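# Coordinate analysis (summary)
As a plain string of letters, each chain reads:
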Amino acid sequence: TDGVTAHGGLLGGAADALAQQLAQRVLEGGGEPSHTAEIAVSGPEALDVGLACAGSATVFAHLLPSAQAALLGEGFLGGHPVALVSCSDGVLVVAGAGAEQVSGDLGEDLTQQAVERSRQLMRAGVSRSAVVELGAGQGLVDVWVPETELLLIGAGALNDALSRQAALLGWSVRTTTEVAETEQAVATLTAADAIVLLD
């Protein structure tokens, strides 16, 4: 919001300067809620920033209204899947295990289409970005699905077996054996996580 502070990076940093320029234009307003620009990354530049190859991309900058930002943040902090739909008509956030929370309005038809596309992508259970058809145009849907952490309370052969099974699912595993450390671990869990108590 201050036009200066930035977090993260695009294309290994190769598109950061362009992204910040576009963001500044959006923040300054002037009637356009979003701006797009093309960027080409050369072979040497791609290697310098750790990309696999040269290429081009479209950078799309838009405002994220406070209500949508709040719902997005709540999803991240609560461990719920969230989707951000961005298009020329605005932005929409869909959140919750059943994609039941919606913030934003793209108009009745587009909102309904955007929510349905988001739900389809969220059901896949993986974080990803996808370009989707919305009305006569296109939109970008970014989906973030939290990684499950399995808290195993207790050690032994069952712990070892469950740890291996969790690894197959792509879950992270934490083991505790003492009451104090278990209480601390439980306090950090989200809705995406699971507990197994081994007695």
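See above for the structure.
This report concerns the structure included in the present document.

Here we come to the sheet that holds strand S8 (residues 149-153). Spatial ordering of the open sheet is given by S9-S8-S10, a layout of 3 strands whose pairing is parallel. With partners counted over all chains shown, the strands left at the sheet margins are strand S9 (172-176) and strand S10 (194-197), one partner each. Here the strands of the sheet are splayed against their neighbours by 20° on average, with no regard to which way each runs. Across 5 bridges, S8 lies against S9 in parallel orientation. Its bridge partner lying in S9, glutamate 149 is registered against serine 172. Helix H5 (residues 157-168) contacts S8, S9 and S10 of the sheet and is inclined by roughly 180° relative to S8. Across the face of the sheet, helix H6 (residues 179-187) comes into contact with S8, S9 and S10 while running at roughly 150° to S9.

So, on to helix H1 (residues 16-28). In an α-helix, one full turn covers 3.6 residues, which means residues spaced three or four apart are oriented alike. Here H1 contains 13 residues, and its C-alpha end-to-end distance of 18 Å stays within 8% of the 18 Å for a straight helix at 1.5 Å per residue. Every buried residue of H1 is listed here: Leu18, Ala19, Leu22 and Val26. End-on view of H1: buried residues confined to an arc of 100°, all on one side of the axis. Exposed and facing more than 90 degrees away from the buried side of H1 are Ala17, Gln21 and Glu28. Those residues of H1 hidden inside the fold are in contact with strand S1 (34-41) and strand S2 (55-62). Glycine 29 lies just past H1 and shows a positive phi near 80°.

Ranked by size, the top nonpolar core spans 17 residues in total, and within it Val85, Leu92, Val94, Leu106, Leu134 and Val141 carry the most contacts. Breaking this core down by element, the ones donating at least two residues are strand S3 (82-87), strand S4 (90-95), helix H4 (108-123), strand S6 (128-134) and strand S7 (137-144). Looking at this core element by element, the count peaks at 5 residues for H4. With residues near it in sequence (within four places) discarded, leucine 134 still touches Val85, Cys87, Leu110, Gln113, Ala114, Arg117 and Gly139. Of all hydrophobic cores here, the second largest spans 9 residues; its members include Ala15, Ala19, Val26 and Ala37.

About the thresholds
- Residues numbered from 1 in each chain as written.
- Predicted model: local features only at pLDDT ≥ 70, side-chain atom pairs only at ≥ 80, totals over all residues.
- Heavy atoms only, no water.
- Pairing = 2+ DSSP bridges.
- Helix = DSSP H or I, 4+ residues; strand = E, 2+ residues; numbered from the N terminus.
- Axes fitted to C-alpha atoms, helices over the stretch in contact; angles between N-to-C directions.
- Contact = heavy atoms within 4.5 Å.
- Expected span 1.5 Å × (residues − 1).
- Buried < 20%, exposed > 50% of the residue type's maximum accessible area, 1.4 Å probe, protein only.
- Arc of directions from axis to C-beta.
- Core = buried A, V, L, I, M, F, W, Y, C linked by side-chain atoms within 4.5 Å.

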